Amino acid sequence: MGRVYNFSAGPAVLPEEVLKEAADEMMDYKGTGVSVMEMSHRSQDFQNIIDEAEKDLRDLMNIPDNYKVLFIQGGGHVQFAMVPMNLMKNKVADYIITGQWAKKACKEAQMYGTAKAIASSEDKVFSYIPDCSDLPIDDDADYVYICQNNTIYGTVFHTLPNTKGKDLVADVSSCFLSEPVDVSKYAIIWGGVQKNVGPAGMAIAIVREDLIGEALPGTPTMLKYSTYAESGSLYNTPPCYTIYICGKVFKWLKKMGGLEAMKARNEQKAKILYDFLDQSKMFSNPVRKEDRSMMNVTFVTGDKDLDAKFVAEAKAAGFINLKGHRTVGGMRASIYNAMPVEGVEKLVAFMKAFEEKEAK
Ligand SMILES: *Cc1c(COP(=O)(O)O)cnc(C)c1O
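Residues numbered from 1 in each chain as written. Predicted model: local features only at pLDDT ≥ 70, side-chain atom pairs only at ≥ 80, totals over all residues. Heavy atoms only, no water.

To continue, consider the site of the ligand. The local shell around the ligand consists of G75, G76, H77, F80, W101, C147, N149, T151, D171, S173, Q194 and K195. Contacts to the ligand include Q194, whose side-chain N or O atom sits 2.9 Å from an oxygen atom. A distance of 2.5 Å separates an oxygen atom of the ligand from a polar side-chain atom of K195. Isolated, the ligand exposes 390 Å² of accessible area, and the fraction of that covered by the protein chains is 86%. The dominant element in the shell around the ligand, judged by the number of residues it contributes, is helix α3 (residues 75-87), at 4 residues. (Near = heavy atom within 4 Å. Polar contact = N/O pair within 3.5 Å; in protein donor to acceptor, adjacent residues only side chain to side chain. Areas by Shrake-Rupley, 256 points an atom, 1.4 Å probe, with all protein chains shown as cover. Helix = DSSP H or I, 4+ residues; strand = E, 2+ residues; numbered from the N terminus.)

Another point: the packing of aromatic side chains. Across all of its chains, the model carries 17 aromatic pairs by this definition. With centroids separated by 5.1 Å and ring planes inclined at 65 degrees, the aromatic side chains of F283 and F310 adopt a geometry described as edge-to-face. One end of the pair, F283, is in the loop between α7 (258-279) and β11 (296-299); the other, F310, is in helix α8 (residues 304-316), and 27 residues separate them in sequence. Like F283, the residue F310 is buried in the burial classification. An aromatic cluster is defined as three or more aromatic residues linked by ring pairs; in this entry it consists of Y5, F7, F276, F283, F299, F310, F319, F350 and F354. Over the aromatic face of Y128 sits the side chain of K124, whose NZ or CZ is 5.8 Å from the ring centroid. (Phe/Tyr/Trp six-rings, centres within 6.5 Å; stacked < 30°, edge-to-face > 60°. Buried < 20%, exposed > 50% of the residue type's maximum accessible area, 1.4 Å probe, protein only. Lys NZ or Arg CZ within 6 Å of the ring centre and 35° of its normal.)

You can read the domains of the protein as domain 1 (18-255) and domain 2 (257-359). Placing the centre of domain 1 and that of domain 2 at their C-alpha centroids yields a distance of 27 Å. On the domain 2 side, the residues contacting the 27 residues of domain 1 number 27 residues. In this structure, the salt-bridge partner of E179 is K263, at a minimum N-O distance of 4.0 Å. Across the domain 1-domain 2 interface, the total number found is 16 residue pairs in polar contact (both at pLDDT 80 or more). When contributions to the side of domain 1 that touches domain 2 are tallied by element, the ones reaching two or more residues are α2 (44-61), β7 (155-156) and α6 (240-255). Sort the elements by how many residues they give to the side of domain 1 that touches domain 2 and α6 lands first, with 4 residues. For the side of domain 1 that touches domain 2, a count of residues per class yields 13 nonpolar, 10 polar and 4 charged. (Domains from an automatic or database assignment. Contact = heavy atoms within 4.5 Å. Salt bridge = Lys/Arg side-chain N within 4 Å of Asp/Glu carboxyl O. Nonpolar A, V, L, I, M, F, W, Y, C, P; charged D, E, K, R; others polar.)

What follows is the structure in structure tokens.
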């Protein structure tokens, strides 16, 4: 079997160009005679890889000079802990609960102080983003925390919450680099890279400099942002190969026209799918319209057996990983940057044919 259309929420589809380049460089990276996996992280060759990755990310996101870019092992759940361990000086933090990832992050922070849920959309299975224009933000809050794009439920904050002057921390794992962002509106933007950027096992944290260096007592060395900031993310052996692939994805994004161009392409893909869902008599999207994600599109038929049949037939036709998250059921198509428009068009054609066949 050749390549299929992979709608996985993560680890997820990567650009074919990037995979091919990595394959070409596997036996001999640019005349070094070794692969990047076998190379010293202290070598000039690797230094160039990590420096270029950081530079390209800074260019793509227009990251201001007073923010550090940190490559941190461990993925999303490690950031759930690092955020409070590094920021919770007053031992108070406010969390907006829009899904399981925000909930887990809040729970983790409760180990280090008072982490409160100041808004939640759990009453309707996280199918919307709560009104965040006037929240009961604690005067002592060290930060306000959001999960910007909710991978499991298919919602996104189109407008950032009013934090009443408090620092905003955002988990952008599943919308990282999907569109331009104003980094200066955030204290920390972090994302696990396995959704929209690269291989699993690493997060990139973009941290405003003044927040670095006051970790809670007892914070392990490898969980302090300062350790990464002071060493250029090379205090110990980093996930070298993951950084290398992320760097290639950044170059691919630049070649594709940067984040404005990605946004246009992502909007086009999301529109194809939502337009179909909105007119379908079989499939529907459970999310409030104004809160729809353009990265993770959820849909249901309302019949569990039919859902399962659809997922199985789609898989056989070369559209894989369309099953919804195990906690919500139904279907989900994750249509990250690397999913071509054609993949979404073909999926919709398949859904249409399935609907016609089943309606008979
Ligand atoms: C996948 C995901 C996580 C969890 O990431 P891990 O690397 O598995 O710990 C956290 N937040 C969001 C938004 C995610 O999509």
